[in-house]
Amino acid sequence: MTDTRDNPHSDDTDGRADRTTATDSRAERFRTSSGLRADGGRETTESDRAAIFEGSQDAELDRGPFQQWAANSIENPERVYRGMFYVAAIFFLFTTLFPFYWLLMVALTPEGQLQDIIFTPNGFNPGAFIEVFQVIPFYWYIFNSFVIATASTILVLVVGSLAGYAFGRLEFPGKTPLLLLVLVISFFPPAAFFIPLNDLFNTSFFILEPITGDGTLYNTPGAMVLPLSAIFMPLAIFILTTFYAQIPDGLEDAARVEGTTRLGALFRVIIPLSAPGVATAGVLTFIAVYNEFFFSFLMTDGQPQNWAPILEGILAYQGQYEVMYHLMAAASIIGVIPVAILVVVAQEKIVSGLTAGALKE
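Residues numbered from 1 in each chain as written. Predicted model: local features only at pLDDT ≥ 70, side-chain atom pairs only at ≥ 80, totals over all residues. Heavy atoms only, no water.

A. Fine view of the overall build of the chain. Within the chain, the secondary structure is distributed over 16 helices and zero strands. By residue count, 32% of the 361 residues in the chain fall in the buried class. Within the chain, contacts between residues at least 6 apart in sequence are counted, and of these 67% link residues at least 24 apart. Split by element, the accessible area of the chain, about 23,000 Å² in all, is 65% carbon and sulfur. (Helix = DSSP H or I, 4+ residues; strand = E, 2+ residues; numbered from the N terminus. Buried < 20%, exposed > 50% of the residue type's maximum accessible area, 1.4 Å probe, protein only. Contact = heavy atoms within 4.5 Å. Areas by Shrake-Rupley, 256 points an atom, 1.4 Å probe, with all protein chains shown as cover.)

B. Focus on the pattern of salt bridges. The final tally for this structure, using the stated rule, is four salt bridges. For Arg 169, the salt bridge identified is with Asp 249, shortest N-O distance 2.9 Å. Of this pair, Arg 169 sits in helix H6 (residues 138-169) while Asp 249 sits in helix H11 (residues 249-257), and the two are 80 residues apart along the sequence. Residue Arg 169 is classed as buried on the basis of its relative accessible area, which comes to 14%. (Salt bridge = Lys/Arg side-chain N within 4 Å of Asp/Glu carboxyl O.)

C. Quick peek at the packing of aromatic side chains. Under the definition given, this model contains 17 aromatic pairs. Their ring planes at 85° and their centres at 5.8 Å tell us that Trp 140 and Phe 143 sit as a pair that is edge-to-face. A residue pair is termed a helical-turn pair when its members lie 3 or 4 positions apart in one helix, as Trp 140 and Phe 143 do in helix H6 at three residues. (Phe/Tyr/Trp six-rings, centres within 6.5 Å; stacked < 30°, edge-to-face > 60°.)

D. Representation of empty space enclosed by the protein in the model. Per the counting criterion, the structure on display carries one cavity of 30 Å³ or more. Forming the boundary of the largest cavity are Ser 145, Ile 148, Met 224, Leu 228, Val 289, Tyr 290, Glu 292, Ser 296 and Pro 309. Going through the elements one at a time, H6, helix H10 (222-245) and helix H13 (275-290) are the ones with two or more residues in the lining of the largest cavity. The class makeup of the residues in the lining of the largest cavity is six nonpolar, two polar and one charged. (1 Å grid on protein atoms, 1.4 Å probe; cavity = no way out; pocket = protein on both sides within 12 Å on 5 of 7 lines; lining within 4 Å. Points joined across faces, edges and corners; volume = space filled by probe spheres on them. Nonpolar A, V, L, I, M, F, W, Y, C, P; charged D, E, K, R; others polar.)

E. Up close: the environment of Glu 131. Residue position: Glu 131 is located in helix H5 (residues 128-135). Taking C-alpha positions, Glu 131 is 7.4 Å from Leu 327, a pair spaced 196 residues apart along the chain. Those residues in contact with Glu 131 that lie beyond four places of it in its chain are His 326 and Leu 327.

What follows is the structure in structure tokens.
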């Protein structure tokens, strides 16, 4: 064992070590309090962070309104998307629903007080919705429009389904030129067909005399169903061609193996599987024919017994010396309600039909 008395320098060495340790401890505390690192650098303290934050705030205050909005949009894009949705929704509601609101205000305002309408009706007259059917047989005009629109829709769907099946699932010479021809015809303005059609429908045919009496198609549903079906046929053909082309060939082949014909496979397999496309083509055709005025105004004399449509009935409230605007507004609302119900019921089919093919699977 070594005696400390034999080594007089041991006490001095231990003392220096203790003093060095204490000095290092004080230096570490000083660096910690002052924010200095052991390698001579400087750590970020709370006061430094506060200064940096204040500097960033000052920098943000120096930005212009547009720059600040752009920076906030980049940081929070969901808020921008939400704002764009609200703007689009408000614009849609204002441009679409406000005319109906104004029609309701005019319909509820008594006759002779329409000049004082602002945003509320000047008075309250719900009896206008009953008076509509008392002044003229307005229900006959609604019935005529339903018959003409339904007949045109059925004709468009039947012929359009056959054409869509041929263009979408068969290969034959001249397929592309014929499809382009249909597209070109769809761009023709309806007014271009009126003169030849008017001359044709006012010509007497012997075979039509037992049906129409005078042998002409004037003042008959055929004078409107035939041209309107031809006008809206191209749209239905293109919609149905797209849907029918997407049906797998194996399903049709399986139906053919079971003994069905091509027409049987079309109506039993292809059309049920293409229900969104068929519904879209049917609803769009029905609405367009229901709202059509040009051909109906020129192919009828405006009388309900001669198949005049609903727009003729609305104009019937316009007399020689007065115009019953409140009744015209009430009739317009009544005429819109059936179409609005149809759109609400079939909206899912319409949306899926119009967006078909937008995404690649």
